[in-house]
Amino acid sequence: MPSVPFHYVDLRVFCYATEDEKRVESALRTYLPEDYPIERAESEGHYGDRIVVLSARVENADEIRHVLSQVATLSDIDEVRAELDDRVDDNCSFFLTLDKQAAFGGAIERGDGITLRAKVEAYPAKRENAIENARNLLSEL
């Protein structure tokens, strides 16, 4: 894959008070290059419970390739390609949610818990161009 038509990839996961933060971080690291820095922000839920938001923005092309190569191992990656019209918004951002529990076990699956948002390169910056670029990339993986 010579070029990556993404400006960046954001990964974010919430760690609730009932969860072990190290395990949640481990799940997020399933998608990230080794020793990649993770930002940590503490927040408070509606009932005063602690919520830690763990996130990482990947901007380097090689590191983006690493994240996308993990996503490409999804058993239903063909379905993701087919759903691109629904997964790319008017701002040329691609969205996908991934299973946090499966990721902790080292598996790559769609589900809930980890949010992936990727800004797709498109010139001119139109949704249709972004969908085509994302489709081409996901076909190459």
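This text goes with the structure placed above it.
S.K.: So what exactly am I meant to see when it comes to the pattern of salt bridges here?
M.R.: A side chain with one charge may pair with a side chain of the opposite charge, provided their charged atoms come close. All told, the structure shown has 13 salt bridges when counted by the stated rule. Among the ionic pairs, R40 bridges to E21, the shortest N-O distance being 2.5 Å. Of this pair, R40 sits in strand β2 (residues 39-44) while E21 sits in helix α1 (residues 21-29), and the two are 19 residues apart along the sequence.

S.K.: Can you walk me through helix α6 (residues 127-140) in this structure?
M.R.: An α-helix turns once every 3.6 residues. As a result, residues three or four positions apart point the same way. The end-to-end C-alpha distance of α6 is 20 Å, a good match for the 20 Å that 14 residues give at a rise of 1.5 Å each. Turning to α6, its buried residues are A130, I131, A134, L137 and L138. Buried residues in α6, looked at end-on, bunch into an arc of 135°, giving them a common side. Facing away from the buried surface of α6 by more than 90 degrees, the exposed residues are E128 and E140. Contacts from the buried residues of α6 go to β1 (6-16), α2 (61-71), α3 (77-82), α4 (84-87) and β5 (113-120).

S.K.: I would appreciate a short explanation of the packing of aromatic side chains in the present structure.
M.R.: One pair of aromatic rings is described through two measures. These are the centre distance and the angle between the planes. This structure, assessed with the given rule, holds 1 aromatic pair. Looking at R57, its charged tip hangs above the ring of Y8, at a distance of 3.7 Å from the centre.

S.K.: Explain the sheet that holds strand β4 (residues 93-99) to me, please; I cannot follow it from the model alone.
M.R.: Picture the strands of a sheet paired through backbone hydrogen bonds; they go either parallel or antiparallel. Pairing within the open sheet is antiparallel, and its 5 strands lie in the order β2-β3-β1-β5-β4. What marks the edges here is a single partner per strand, and that holds for β2 and β4. Across the sheet, the mean angle from the axis of one strand to that of its neighbour is 20°, orientation sign disregarded. Relative to β5, β4 runs antiparallel, the two sharing 7 bridges. When the sheet's bridge partners are listed, F94 is paired in β5 with A118.

S.K.: How do you make sense of the pairing of β2 when you look at a structure like this?
M.R.: Two faces belong to every sheet, and in a regular strand the side chains alternate between them. Counting buried positions over the 6 residues of β2 gives 0, only a small fraction of the element. In terms of strand pairing, β2 meets strand β3 (residues 50-58) through 6 bridges, oriented antiparallel. Within β3, the position partnered with S43 by the bridge is I51. Taken together, β2 and the strand that follows it, β3, pair antiparallel across an intervening segment of 5 residues, in which G48 is found at a positive phi of about 85°.

What counts and what doesn't
Residues numbered from 1 in each chain as written. Predicted model: local features only at pLDDT ≥ 70, side-chain atom pairs only at ≥ 80, totals over all residues. Heavy atoms only, no water. Salt bridge = Lys/Arg side-chain N within 4 Å of Asp/Glu carboxyl O. Helix = DSSP H or I, 4+ residues; strand = E, 2+ residues; numbered from the N terminus. Expected span 1.5 Å × (residues − 1). Buried < 20%, exposed > 50% of the residue type's maximum accessible area, 1.4 Å probe, protein only. Arc of directions from axis to C-beta. Contact = heavy atoms within 4.5 Å. Phe/Tyr/Trp six-rings, centres within 6.5 Å; stacked < 30°, edge-to-face > 60°. Lys NZ or Arg CZ within 6 Å of the ring centre and 35° of its normal. Pairing = 2+ DSSP bridges. Axes fitted to C-alpha atoms, helices over the stretch in contact; angles between N-to-C directions.

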